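Single-letter residue listing:
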Amino acid sequence: MQLSKNQIKRIAGLELNALNFAEAMPDALEGGRLRSAGTPVYDINGSVLFHRIPIARSRGRAGYADVGSNAALGEPLLATTIGAEWNERKVLKEATAAAKKGRRSLKFNKVRFVAYSFPKVAVQFLKGNREALMLEWKTWAEVAPSNFERWSLLDEMPAPAKRANVRKFKKRVAIWESRKFRRVDSAIIKRKAFRQRKFVLKLTDTRELHYSPRPADHHPCYELRGQQTPVWCVAASVEMLLNFYRYQYDQVRLADELDLGTCAHPNGLPYSQVGKVVTVIEKLTSKNLDATMHTNPGWSVFRNEIRANRPLISFVPGHSRTVAGYTQSMIHLPDKLPYKGLLVYDPWPPTDCDHPEDGGVITKWENFATQTYQFAYSAVLKHI
Amino acid sequence: MPEKREATEILKSAREALDSDEFGGFTLPKSRRVDQTIPVLTPDGALHSWFVPVTVGELLAGFFEFDPNGALMRYSSFQRQESSLQGCPAAESWTDAATVQRQAAAKARTGEKAGEAFLTYDRAPARLCWQVSLESPDGTVRAVHVAGNVVWDAPGDDAETFGSGPSH
């Protein structure tokens, strides 16, 4: 599925209007205008990935939005930048000057923008269909063909992820193309555009753990471990947290450290021993992880840790699990209750010590309003 | 016991949730189906929630849990990776009371007879499992919990730990 220029401009306007209506970027977008579908930015494999669309404002700071035209991206609105202008002609002029500097023999008949290492953008000079030169936007450093940073977002994306993204993207586009949104003037960003028409929008803030804090670069990075006896939920939870930081301790060893007995004679962690989780995490990581216990943790404890790309262990009455993501509604409409949910990697149901690969479930999402959170444990990797 | 009408309403809600993104967007093949609703009972026999299995062929891919008012509490998935069913348990081990009863009977002591199985939880409501009573020839009864292939003694009231602590 590839969108036309008209569709891109229109969907960009609707997405930005929705963002503005939700006050996700207070006053940064109000009054903005979209005059064109902007500049196509290509994947390294030659497909158009997204369009960079300038947002013009008579008052306040201008900006630009990156709007996906390729369904494999999963969502149309990729990024919104305020305070930096996007002027395609100016950028091309600068790029051409930089290209000719010291390369008088350079010959090209076509120039295009390429996300050579998404989301990094470069200007690609072509002679026919062959690349003559590629310069990174802003630094104007050459991105040589041998540069290890060159990679195709579309080619590298695993097929199941691509299929899921395409479905998500199509669903979103279908909403914007429905009859009720056709009447909205999408070229102007105005809060009242949505308010007057009483649209119900479902806008959510959702995060999951990744390999690094850059969600665009990697897929969710967290693994489920089942508890190997009916009472080793704490050991399994500690195992999941340590595995995220690449510490491989098996559950039998962790149970021993936590005084939870053996596979044949296991026991749970007494309520009076909750501090032991901190001690064991720090001991087994030679204090490279600085663990903290939070008593009666609120929503912000979970949200802030996940935003910092760190998993948590969560104790609820009689049970322990880990948290690897959250979702929350960003706008509260009269007919919809605000929703907050946690992505829970739950070691229950149990498995046994002969089948450590089994057991557990992933709960997506656990309604935050319906659970009692007694303790949470976070761990911060120490830096020099 | 919960009424049949309530179970039908819950089933309808689960089907709607499965067809939308409300359950977290796990990737399931088109052959997925919502199976019969099972009441989750408290240890006292009151209705705690509704368990609605989502199966693909003979495997249990996940389940919905609804509260008695019909509000969705969670969707929990046995899928370790999206679009893969590897590692998902056999559906009957969680949805068929007779299978659960046989599982408990296999771990019974000599002479013990297994009673009817019902879906409940192991102290904390998040820890769903089946409970089966085993009666010995001298009339003493003990309860065991069953979760898939794992069977263990139902914990006593005095165990206050994270792992087998009391529900608050």
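Residues numbered from 1 in each chain as written. Chains lettered and ligands numbered in written order. Predicted model: local features only at pLDDT ≥ 70, side-chain atom pairs only at ≥ 80, totals over all residues. Heavy atoms only, no water.

Chemist: Can you walk me through the overall build of chain B in this structure?
Modeler: From N to C terminus, chain B includes three helices and 10 strands. From first element to last, N terminus to C terminus, chain B shows the α and β order α-β-β-β-β-β-α-α-β-β-β-β-β. Counting the 168 residues in chain B, one finds 48% classified as buried. The long-range fraction of contacts in chain B, counting pairs at least 24 apart against all pairs at least 6 apart in sequence, stands at 46%. Summed over all atoms, the accessible surface of chain B reaches about 8200 Å², with 47% contributed by carbon and sulfur. (Helix = DSSP H or I, 4+ residues; strand = E, 2+ residues; numbered from the N terminus. Buried < 20%, exposed > 50% of the residue type's maximum accessible area, 1.4 Å probe, protein only. Contact = heavy atoms within 4.5 Å. Areas by Shrake-Rupley, 256 points an atom, 1.4 Å probe, with all protein chains shown as cover.)

Chemist: Is there a simple way to think about the pattern of salt bridges in this case?
Modeler: Two side chains carrying opposite charge are able to pair once their charged atoms lie near each other. Residues and elements named next belong to chain A. A full pass over the atoms with the stated rule returns 19 salt bridges over all chains. Here D259 makes a salt bridge to K276, at a shortest N to O gap of 2.6 Å. Linking D259 in the loop between α8 (251-257) and β9 (269-270) with K276 in helix α9 (residues 276-284), this pair joins segments that are 17 residues apart in sequence. You can call K276 buried: its relative accessible area is 19%. With its nearest N and O atoms 2.7 Å apart, the salt bridge here joins R321 to E366. Taken together, the residues span a long stretch of sequence, with R321 in strand β12 (residues 319-329) and E366 in strand β14 (residues 361-367) at a distance of 45 residues. The pair R321 / E366 is uniform in exposure class, with both members buried. What emerges from the salt-bridge pattern is a single network uniting E223, R225 and E239. (Salt bridge = Lys/Arg side-chain N within 4 Å of Asp/Glu carboxyl O.)

Chemist: Just checking my understanding: could you explain the state of the cysteines for this structure?
Modeler: Here a disulfide denotes one covalent bond, and it connects the sulfur atoms of two cysteines. Residues and elements named next belong to chain A. All told, the structure shown has one disulfide over all chains when counted by the stated rule. Between the sulfur atoms of C263 and its disulfide mate C353 the distance is 2.0 Å. Negative torsions about the S-S bond denote left-handed disulfides, and the value of about -95° found for C263 with C353 makes this one left-handed. Of this pair, C263 sits in the loop between α8 and β9 while C353 sits in the loop between β13 (340-346) and β14; the two residues are 90 residues apart in sequence, bridging distant segments of the chain. Under the relative-accessibility criterion, C263 is labelled partly exposed at 33%. (Disulfide = S-S within 2.5 Å.)

Chemist: Even after reading the chapter, I still don't get the sheet that holds strand β9 (residues 150-153) of chain B, so can you show me in this structure?
Modeler: The strands that make up a sheet pair up through hydrogen bonds in the backbone, lying either parallel or antiparallel. Residue and element names in this part refer to chain B. With antiparallel pairing, the four strands of this open sheet are ordered in space as β6-β7-β8-β9. In this open sheet, the two edge strands, each paired with only one partner strand, are β6 (113-121) and β9. Between one strand and the next, the sheet's axes are offset by a mean angle of 30°, whatever the strand orientation. Taken together, the six bridges between strand β7 (residues 128-135) and strand β8 (residues 141-147) define a ladder with antiparallel strand orientation. Paired with Q131 across the two strands is H145, which belongs to β8. On top of the sheet, helix α3 (residues 97-106) reaches β6, β7, β8 and β9; it is set at about 120° to β6, its chief contact. (Pairing = 2+ DSSP bridges. Axes fitted to C-alpha atoms, helices over the stretch in contact; angles between N-to-C directions.)

Chemist: What exactly am I supposed to notice about the environment of L133 of chain A here?
Modeler: Residue and element names in this part refer to chain A. Within the secondary structure, L133 is located in strand β7 (residues 130-136). According to the relative accessible area criterion, L133 is buried, its value standing at 3%. C-alpha of L133 to C-alpha of V143: the two residues are 10 residues apart in sequence and 7.8 Å apart in space. For L133, the contacting residues outside a window of four places in its chain are A99, R103, L106, V123, Q124, F125 and E142.

Chemist: Explanation requested: the packing of aromatic side chains in the structure shown.
Modeler: The relation between two aromatic rings is expressed through the spacing of the ring centres and the mutual angle of the planes. All names here are of chain A. Tallying each qualifying case throughout the model produces 23 aromatic pairs over all chains. Ring geometry for Y222 against Y345: centres 4.8 Å apart, planes inclined by 85°, an arrangement best described as edge-to-face. With Y222 in the loop between β8 (204-208) and α7 (233-244) and Y345 in strand β13, this residue pair connects regions lying 123 residues apart in the sequence. Under the relative-accessibility criterion, Y345 is labelled buried at 9%. (Phe/Tyr/Trp six-rings, centres within 6.5 Å; stacked < 30°, edge-to-face > 60°.)

Chemist: Would you explain the pairing of β7 of chain A in this entry?
Modeler: Along a regular strand, successive side chains alternate from one face of the sheet to the other. Residues and elements named next belong to chain A. The pairing of strand β6 (residues 120-127) with β7 spans six bridges and is classified as antiparallel. For V123, the partnering residue across the bridge sits in β7 and is L135. Hairpin connection from β6 to β7: two residues lie between these consecutive antiparallel strands, with G128 at a positive phi of about 65°.

Chemist: Help me understand α3 of chain B in this model?
Modeler: For an α-helix the count is 3.6 residues per turn, leaving residues at separations of three or four pointing the same way. Residue and element names in this part refer to chain B. Taken as a whole, α3 has its buried residues at T99, V100 and A104. All buried residues of α3 fall inside an arc of 140° around its axis, so they share one side. When the buried face of α3 is taken as reference, the exposed residues oriented beyond 90 degrees from it are R102 and A106. Those residues of α3 that are buried lie in contact with α2 (92-95), β6, β7 and β8. (Arc of directions from axis to C-beta.)

Chemist: Would you mind going over the packing of α7 of chain A against α9 of chain A with me for this structure?
Modeler: Two packed helices can be described by the angle between their axes and the distance between those axes. Residue and element names in this part refer to chain A. Two numbers describe how α7 lies on α9: the axes approach to 11 Å, and their chain directions differ by 40°. When the axes of α7 and α9 are compared, the pair comes out oblique. Classified by chirality, the crossing of α9 by α7 is right-handed. Side by side, α7 and α9 meet where V234, V238, L241 and L242 of the first sit next to V277, I281 and L284 of the second. Looking at the contact of α7 with α9 residue by residue, the classes come out as seven nonpolar, no polar and no charged. (Parallel < 35°, antiparallel > 145°, perpendicular 65-115°, else oblique. Left-handed = near helix turned anticlockwise from the far one by under 90°. Nonpolar A, V, L, I, M, F, W, Y, C, P; charged D, E, K, R; others polar.)

Chemist: How do you make sense of the interface of chain A and chain B when you look at a structure like this?
Modeler: Accessible area lost upon the coming together of the parts is a frequently used measure of interface size. Contact with chain A, which involves 42 residues of that partner, is made by 36 residues of chain B. Taking both sides of the interface into account, the surface hidden between chain A and chain B amounts to around 3000 Å²; carbon and sulfur atoms contribute 56%. Ranking the residues of chain A by area buried against chain B places Y271, W348 and K364 of chain A at the top, with a combined share of 22%. Linking chain A with chain B are zero salt bridges, by the criterion used here. Counting the contacts that link chain A with chain B gives nine residue pairs in polar contact (both at pLDDT 80 or more). When residues of the side of chain A that touches chain B are traced back to their parent elements, those giving at least two are α4 (159-176), α7, β9, β11 (312-316) and β14 of chain A. Element by element, the count of residues in the side of chain A that touches chain B is highest for β14 of chain A, at seven residues. Along the lines of polarity and charge, the residues of the side of chain A that touches chain B split into 21 nonpolar, 11 polar and 10 charged. As judged from the two bridges shared by β14 of chain A and strand β5 (residues 72-77) of chain B, these two strands associate in the antiparallel manner. (Buried area = accessible area lost by both parts, 1.4 Å probe. Polar contact = N/O pair within 3.5 Å; in protein donor to acceptor, adjacent residues only side chain to side chain.)

Chemist: Looking at this model, I keep getting lost on the side chain of Q228 of chain A. Mind explaining?
Modeler: All names here are of chain A. Secondary-structure assignment places Q228 in the loop between β8 and α7. For Q228, a relative accessible area of 8% gives the class buried. For Q228, the residues in contact, after removing those within four places along its chain, are Q251, V252, T351, D352, C353 and P356.

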